[in-house]
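Here is how the chains run, residue by residue.
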Amino acid sequence: MSLTSPPFSPAGTAGPARAAEAPAPPRGASPGRRRTRRPRTRADSALTAVGLVGIAGVVATVWLGLWVTPPDEFMGNLVRLLYIHPPLAWVMFLAYGVSFLASLLYLWPRTRSARFDRLAGASAEVGVVFTGLTLVTGSLWGRPTWGQWWTWDPLLTTTALLFVLYLGYLALRRVPGEPEARAKRSAIAALVAFIDVPIVYFSVLWWKSLHQAPSIDLTTRKTYVHGSMAWTLLLGFLSFTVVFAWLVAHRYRLAVLEDREESEGLALALAERRAEAPEAP
Amino acid sequence: MNGYIESGYIVTLGALGVYAASLVGRERSARRRLPAPPARGTAPAEAPEDAPAGDEGSPAPPPGSSGTGA
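This text gives an overview of the structure that appears in the document. (Residues numbered from 1 in each chain as written. Chains lettered and ligands numbered in written order. Predicted model: local features only at pLDDT ≥ 70, side-chain atom pairs only at ≥ 80, totals over all residues. Heavy atoms only, no water.)

**Observations concerning the overall build of chain B**
Worth spelling out the cut-off: Counting from the N terminus, the helices are the DSSP runs of H or I reaching at least four residues and the strands are the DSSP runs of E reaching at least two. Here's how the labels work: a residue is buried when its accessible area is under 20% of the maximum for its type, exposed when over 50%, partly exposed in between, all with a 1.4 Å probe on protein chains only.
Regarding its fold elements, chain B presents 1 helix and 0 strands. In chain B, which comprises 70 residues, the share counted as buried stands at 40%.

Okay, here's the thing in structure tokens:
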């Protein structure tokens, strides 16, 4: 293969202009396959550092939560589940908040950018993972506390609804269509789905609920945990927030690559069609 | 302690670990499928409008393909 052959151009075609300027793969490599290692950037190093901080924080939370903190006066050892359950729920709210803001910025004509669309999708996907875990850990806490895995309590029901709404949002993002129209309808769906977020948070205050009130009340800034329990809970909040940032950053980078792949696949298909067409006399 | 607590921690850490590993794996395989960006010092044909840090020099998508991959 000649050194000037574009990696994505089919044999005998010129291919897209920008592909022609891409470097050729090393000898012995098949066309279109990358063999050289991508140089490590500052962003990569920063992301690795964030990931390590997140892992260290989560490990410390688990150690403090399972072995260091004392059992609760009323809940006994079951309180240990609360060092992960509220932080998971907090990240769920944070993820949907980020998705809401990014969608708003995408819909605003002055700030419209594919970046915000990708960020909204990445954050919502991570949010769905955290919502699922919030529901599972809540259920594991509810079984020995309330005597049942699930109850149609307002908080539980609205959280399950939130899970389904954002699953629908992620499904909507995968519906084929013109990229801008797809991004716009996804952004509108994210704004609609977000309506359930404050309902989830305030449901324990608005309606009679089996679920206890938040351990840290954001409206009155009161905390109902103290000492080593409070510090462990705080560490849980911080650690899971860092883990969230790391996951969103990776999901965002993956979205960029998926977009590139999609656009280059389209360019390749166009080049193939042009090559197949008979040349004009 | 009882099985509920351990299960909660195992499910949480396991699910997050699997999700994180799947993201990293998908990112790596996507990078392998895509052509290499131009070497340092060579100007790309078109600067990508919205490539994140770490994607400098990657080919820009054609007009109208600012996609929604996430």
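**A few points about the overall build of chain A**
Selection rule: For this analysis, residues touch if any pair of their heavy atoms sits within 4.5 Å. Residue burial considers only the protein chains on display, and all accessible areas are found by Shrake-Rupley using a 1.4 Å probe.
For chain A, the helix and strand inventory stands at 8 helices and 2 strands. For chain A, the N- to C-terminal ordering of α and β elements is α-α-α-α-α-α-α-β-β-α. The burial tally for chain A puts 46% of its 281 residues in the buried class. For chain A, restricting intrachain contacts to residue pairs at least 6 apart in sequence, the fraction spanning at least 24 positions comes to 69%. Accessible surface computed for chain A: about 14800 Å², of which carbon and sulfur atoms make up 66%.

**Here's the deal with the pattern of salt bridges**
Opposite charge on two side chains allows them to pair when their charged atoms are near. Selection criterion: When a carboxyl oxygen of Asp or Glu lies within 4 Å of a side-chain nitrogen of Lys or Arg, that pair is called a salt bridge.
Summed over all chains, the structure comprises 11 salt bridges over all chains. Ionic pairing is found between Arg 31 of chain B and Glu 27 of chain B, a salt bridge with its closest N-O pair at 3.3 Å. Taken together, the residues span about one helical turn, with Arg 31 of chain B and Glu 27 of chain B both in helix α1 (residues 3-33) at a distance of 4 residues. In the salt-bridge network here, residues are joined through shared partners; they are Asp 44 and Arg 253 of chain A together with Glu 27 and Arg 31 of chain B.

**A short note on the side chain of Asp 196 of chain A**
Within the element layout of this structure, Asp 196 of chain A appears in helix α7 (residues 196-206). Dropping the residues within four chain positions of it, Asp 196 of chain A is found in contact with Thr 158, Leu 161, Leu 162 and Leu 165 of chain A.

**A short note on helix α4 (residues 114-146) of chain A**
Residues and elements named next belong to chain A. Quick note on the threshold: In a helix, the anticipated span is given by 1.5 Å times the number of residues less one. Any N or O atom pair separated by 3.5 Å or less is treated as a polar contact, with the protein-specific requirement of one donor-capable and one acceptor-capable atom, and with residues adjacent in sequence counted only for side-chain atom pairs.
Under the 1.5 Å per step criterion, the end-to-end length of α4 is 46 Å for 33 residues, consistent within 8% with the ideal 48 Å. Of all 33 residues in α4, 24 are buried, a share of seventy percent or more. Its side-chain oxygen at 3.0 Å from the backbone nitrogen of Arg 115, Ser 113 defines the N-terminal cap of α4. Count one or two residues on from α4 and you reach Gly 147, which has phi positive near 85°.

**Points about the nonpolar core**
Stated precisely, the cut-off is as follows: Only buried Ala, Val, Leu, Ile, Met, Phe, Trp, Tyr and Cys residues count toward a nonpolar core, and they belong to the same one when joined by side-chain atoms within 4.5 Å.
In this structure, Tyr 96, Phe 130, Tyr 166, Tyr 169, Phe 240 and Leu 247 of chain A are the most contacted members of the largest nonpolar core, which totals 61 residues. Excluding anything up to four places from it in sequence, Tyr 96 of chain A contacts Ala 124, Gly 127, Val 128, Thr 131, Leu 162, Tyr 166, Phe 194 and Val 197 of chain A.

**Regarding a nonpolar patch on the surface**
Where we set the bar: Patches were defined on residues exceeding 30% relative accessible area and lacking a salt bridge, with like-charge contacts within 9 Å and nonpolar side-chain contacts (Val, Leu, Ile, Met, Phe, Trp, Tyr) within 5 Å.
A cluster of nonpolar side chains, contributed by Leu 52, Ile 55 and Val 59 of chain A, occupies part of the molecular surface with about 310 Å² of accessible area. Structurally, Val 59 of chain A is set in helix α2 (residues 42-68).

**Digging into the side chain of Ser 99 of chain A**
Residues and elements named next belong to chain A. Within the element layout of this structure, Ser 99 appears in helix α3 (residues 85-107). A distance of 3.1 Å separates the side chain of Ser 99 from the backbone oxygen of Ala 120, its partner in a polar contact. Once you skip the residues sitting within four places of it in the chain, Ser 99 turns out to touch Ala 120, Ser 123, Ala 124, Tyr 169 and Ala 190.

**Quick word on the environment of Ala 15 of chain B**
Positionally, Ala 15 of chain B belongs in helix α1. By relative accessible area, Ala 15 of chain B is classed as partly exposed at 29%. For the pair Ala 15 of chain B and Arg 33 of chain B, spaced 18 residues apart in sequence, the C-alpha to C-alpha distance is 27 Å. In this view, Ala 15 of chain B contacts Leu 133 of chain A together with Ile 10 of chain B; residues no more than four positions away in its chain are not counted.

**Points about the packing of α4 of chain A against helix α8 (residues 227-276) of chain A**
Residue and element names in this part refer to chain A. Rule in force here: Angles run from 0 to 180 degrees between N-to-C directions of axes, and those axes are lines fitted to C-alpha atoms, restricted for helices to the stretch in contact. Geometric relationships in this document are graded by angle, where less than 35 degrees denotes roughly parallel, more than 145 denotes roughly antiparallel, 65 to 115 denotes roughly perpendicular, and other angles denote oblique. Definitions for this section: a left-handed crossing has its near helix turned counterclockwise from the far helix by less than a right angle. A right-handed crossing has that turn clockwise. Nonpolar residues are Ala, Val, Leu, Ile, Met, Phe, Trp, Tyr, Cys and Pro. Charged residues are Asp, Glu, Lys and Arg, and all others, Gly as well, are polar.
Remark: α4 packs on α8, axes separated minimally by 8 Å, with the N-to-C direction vectors making an angle of 130°. Between α4 and α8, the crossing angle belongs to the class labelled oblique. α8 is crossed by α4, and the crossing has right-handed handedness. Residues Arg 115, Arg 118, Leu 119, Ala 122, Ser 123, Glu 125, Val 126 and Phe 130 of α4 pack against Phe 240, Val 243, Phe 244, Leu 247, Val 248, Arg 251, Tyr 252, Ala 255, Val 256 and Asp 259 of α8. Residue composition of the contact of α4 with α8, grouped by class: 12 nonpolar, 1 polar and 5 charged.

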